[in-house]
Amino acid sequence: MAKQNQTLGEFIIENQEEFKYSSGELSRLINSIRLAAKVVNHEVNKAGLVDILGAAGETNVQGEDQQKLDVYANEIFIKTLTNREIVCGIASEEEDDYITITGRNKKNDNKYIVLMDPLDGSSNIDVNVSVGTIFSIYRRVTPTGTPVTIEDFLQPGKNQVAAGYIVYGTSTMIVYSTGHGVNGFTLNPAIGTYYLSHPNMKYPEDGNIYSVNEGNYVHFPQGVKDYIKYCQKEEDNRPYSARYIGSLVSDFHRNMIKGGIYIYPNTAKDPDGKLRLLYECNPMAYLAEQAGGSASNGFERILDIQPTTLHQRVPFFCGSKNMVAKAEEFMHNS
Ligand code: AHM
Ligand code: MG
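The rules behind these values
Residues numbered from 1 in each chain as written. Chains lettered and ligands numbered in written order. Predicted model: local features only at pLDDT ≥ 70, side-chain atom pairs only at ≥ 80, totals over all residues. Heavy atoms only, no water. Donors = N, O, S within 2.8 Å, 3.2 Å for Na, K, Ca; no water. Helix = DSSP H or I, 4+ residues; strand = E, 2+ residues; numbered from the N terminus. Axes fitted to C-alpha atoms, helices over the stretch in contact; angles between N-to-C directions. Parallel < 35°, antiparallel > 145°, perpendicular 65-115°, else oblique. Left-handed = near helix turned anticlockwise from the far one by under 90°. Contact = heavy atoms within 4.5 Å. Nonpolar A, V, L, I, M, F, W, Y, C, P; charged D, E, K, R; others polar. Buried < 20%, exposed > 50% of the residue type's maximum accessible area, 1.4 Å probe, protein only.

(A) Summary view of the coordination of the magnesium ion (ligand 2). The coordination sphere of the magnesium ion (ligand 2), as far as protein atoms go, consists of Glu93 (OE), Asp117 (OD), Asp120 (OD) and Glu280 (OE), spread over 1.9 to 2.8 Å. Mapped onto the sequence, the residues coordinating the magnesium ion (ligand 2) show the spacing E-x23-D-x2-D-x159-E. Residue Asp117 is located in strand 5 (residues 112-120), and its partner Glu280 is located in helix 7 (residues 277-290); the two are separated by 163 residues in the primary sequence.

(B) Here's a closer look at the packing of helix 5 (residues 222-232) against helix 8 (residues 321-333). Close contact between helix 5 and helix 8 brings their axes to 8 Å; oriented N to C, the two are set at 130°. Our classification of the angle between helix 5 and helix 8 gives oblique. Judged by the sense of rotation from one axis to the other, the crossing of helix 5 with helix 8 is right-handed. Residue-level inspection shows Gly223, Val224, Asp226, Tyr227 and Tyr230 of helix 5 in contact with helix 8, the latter providing Met323, Lys326, Ala327, Phe330 and Met331. By residue class, the composition of the contact of helix 5 with helix 8 is seven nonpolar, one polar and two charged.

(C) Summary view of unusual backbone geometry. Arg238 connects to Pro239 through a cis peptide bond whose omega is 10°. In this structure, Pro239 sits in the loop between helix 5 and strand 12 (241-242). For Asn200, which is not a glycine, the phi torsion comes out positive at approximately 50°. Position of Asn200 relative to the elements: it lies in the loop between strand 10 (193-198) and strand 11 (209-211). With relative accessibility at 46%, the residue Asn200 sits in the partly exposed group.

Put into structure tokens, the structure is as follows:
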């Protein structure tokens, strides 16, 4: 039960019994993410003040330049989760391969693995635009006490036991779900405590915002082009407003509150789209569905896709249920 003025710490403890396999492990895991997020938040807020901007001189597995704060956020999340020995494996958008956590005594009986994008939208940092952390949690499928294998990470999104994001915006928020709806907590920076500010978040069934990088229009599949023209047509409650921050967490957050659709389709340049199934699309799709929205690759539910590689990309259509259904209709008919 969500209560007024409840802190995230209190909420986690009070809702622990809702977890299917409750042993306190998942609660401890969410707690560690909350802690790491505070540390990253502190650093993100200082970004304009200190010499931490600019590429770190490394290129990640997708061939993209890494910004220093990406590297920092990646380290903080991995260290926090590893030191506390509450997961048995981690996969990160910033790491080439998954990380096996064996524990201090070479024995790790933890059941959960985490997949994450430690700092999404990082190209926005040096222009003071919101960025975010995205996380996704699964129970391992291989036996506990043995080292994790790739099988543990390549599970379809519908197997997620929890997922969420942190948005480092005008205020910092954690929004997450453990399969019982979506709740949002806002950080009071003065005392370092997150308060329940958005209980039981609901994706409006319809909306009037579409979020897509229209600069790539000529490269879009015909179905997406047709859908964009539909959004722009003067009819019923259209034309819709175009809103695109270029920071998935922020675009998703706004659309979940106001009603809208986010699209990152496949293009001639990126035949599988740009976003990663495991680190970005699955957790966002899980949250969307938990809030009553939906997520698709244009033809198929995101959460049903069986991943084949860790860094797999996928076209992404996510948002208000009726808007996603309409976009799918255009994809089918094109
Ligand atoms: P990143 O993981 O390298 O930060 O890329 C993901 C980001 C999303 O946050 C955002 O929605 C999208 O890339 C923007 O891409 P584009 O600039 O091509 O529109
Ligand atoms: Mg990303």
